[in-house]
Amino acid sequence: MHSKVVIIGSGPAGLTAALYAARANLEPLVVRGLQPGGLIATTSEVENYPGFVEGIGGYELAENMEKQAARFGTEFKDTLVTKIDAEARPFVLHTDSGEQLTADTIIVSTGASPRKLGVPGEEKLANRGVSYCATCDGFFFRGKSVVVVGGGNSALDEGLFLTRYVSELVVIHRRDELRADPILQERAFANEKVRFIWDSTVEEVLGDDKVTGVRVKNLKTGETSLLATDGVFPYIGHVPNTKLFAGLLTLDENGYIVTDGRQRTNVEGIFAAGDVVDHVYRQAITAAGEGCKAAMEATWYLAEQEHAATKKASQAQTNEVTSPALGQW
Ligand code: NAP
């Protein structure tokens, strides 16, 4: 299957790129990946995406973006890209279904994944009390006590969402000051279900077949203590999903794709947008903006390629007409 534009990833960056590429009549193909809609689709409420006065659910926002891109002719595929042959023209993308896709341009918008605590018990108890998605799993913790780790916007936003269900929310943060926006801090401090454990980290998630507690270390005193809990939601930042591009695209020291300010990577014809590039702003709106830029750049790149090919063909034709074939001399 050949496409002029293949977009890898379906978060706000990928879906906005799809919308713009589709409206440029490029009939883009979006490879949805593991997390259709991207991380925003797992977010409870988005209050800072312009145009939605009362806010909008993250899933609904992603769904709307997908429908809008589809309306202009975007195609979607539920598969994973496993390897890219960037030497070939067109590019060749291998997928986990065995199908090969070819593309004149690629827009990488694979986003980022929640950073793991990396402590004993976390992996074993994943989906047994350890969750990275409050929106998906909050309901299962009705009337229970849960822990959120982290002090950023995600920790408080998702933590506040959890207070709809849980009886108690304990925020464990490694400093005595939160990173989250003041408005979220105010809401958290005013919520009587929320309490904070400051200057502390989670050293171990406890439990045999489900979470029963966490071992907490106070970083100032060095003391450790056990805290009984039914759930652990780590919200300690993200890591970019760039494994596929190691050795192919230039990455920075934290694994983010390096672009030139116009979403162009070091490989001509491959563009990147959203959380896979941006470790500073990481907002749905900035990701969408970068997706728009990437699609416009891809459109211009394809137009240039087409122009160059047409010029070469007409040059060849002119040469054929003006220079007689060898046998005619
Ligand atoms: P973040 O802003 O990077 O915050 C990560 C938090 O985890 C920080 O408080 C950090 O502590 C802590 N942390 C990092 N590594 C840790 C570790 N190994 N152990 C314990 N704690 C650790 O990440 P985020 O909250 O996921 O937010 C990501 C981006 O999405 C941000 O730009 C945020 O503004 C955006 N976002 C926005 C909204 C919203 O606007 N409503 C909602 C969600 C996310 P320190 O503070 O000490 O560094």
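Residues numbered from 1 in each chain as written. Predicted model: local features only at pLDDT ≥ 70, side-chain atom pairs only at ≥ 80, totals over all residues. Heavy atoms only, no water.

## Observations regarding the pattern of salt bridges
- Tallying each qualifying case throughout the model produces eleven salt bridges.
- Across the pair Lys220 and Asp176 runs a salt bridge, and its minimum N-O distance is 3.8 Å. A residue pair is termed long-range when its members are at least 10 positions apart, and Lys220 in the loop between strand 14 (213–218) and strand 15 (224–228) and Asp176 in the loop between strand 11 (168–172) and helix 5 (182–190) qualify at 44 residues.
- The class of Lys220 is exposed, set by a relative accessible area of 61%.
- Look at Asp176 and you get partly exposed, because its relative accessible area is 47%.
- Here Arg215 and Glu204 are joined by a salt bridge, their closest N and O atoms 3.2 Å apart. Of the two residues, Arg215 is situated in strand 14 and Glu204 in strand 13 (residues 200–206); the sequence distance between them amounts to eleven residues.
- Judged by its relative accessible area of 30%, Arg215 is partly exposed. (Salt bridge = Lys/Arg side-chain N within 4 Å of Asp/Glu carboxyl O. Helix = DSSP H or I, 4+ residues; strand = E, 2+ residues; numbered from the N terminus. Buried < 20%, exposed > 50% of the residue type's maximum accessible area, 1.4 Å probe, protein only.)

## Focus: the site of the ligand
- By nearness alone, 18 residues border the ligand, and Asn48, Asn153, Ser154, Arg175 and Arg179 come closest of all.
- One of the side-chain N or O atoms of Arg175 is found 2.6 Å from an oxygen atom in the ligand.
- The separation between an oxygen atom of the ligand and a polar side-chain atom of Gln283 is 3.2 Å.
- Protein chains shield 81% of the accessible area of the ligand, which is 910 Å² for the free molecule.
- No other element matches the three residues that helix 4 (residues 153–162) contributes to the shell around the ligand.
- Here the residues of the shell around the ligand sort into three nonpolar, ten polar and five charged.
- Residue contributions to the shell around the ligand reach at least three from each of two domains, namely domain 1 (2–114 + 238–314) and domain 2 (134–234). (Near = heavy atom within 4 Å. Polar contact = N/O pair within 3.5 Å; in protein donor to acceptor, adjacent residues only side chain to side chain. Areas by Shrake-Rupley, 256 points an atom, 1.4 Å probe, with all protein chains shown as cover. Nonpolar A, V, L, I, M, F, W, Y, C, P; charged D, E, K, R; others polar. Domains from an automatic or database assignment.)

In short, geometric facts, not functional conclusions.
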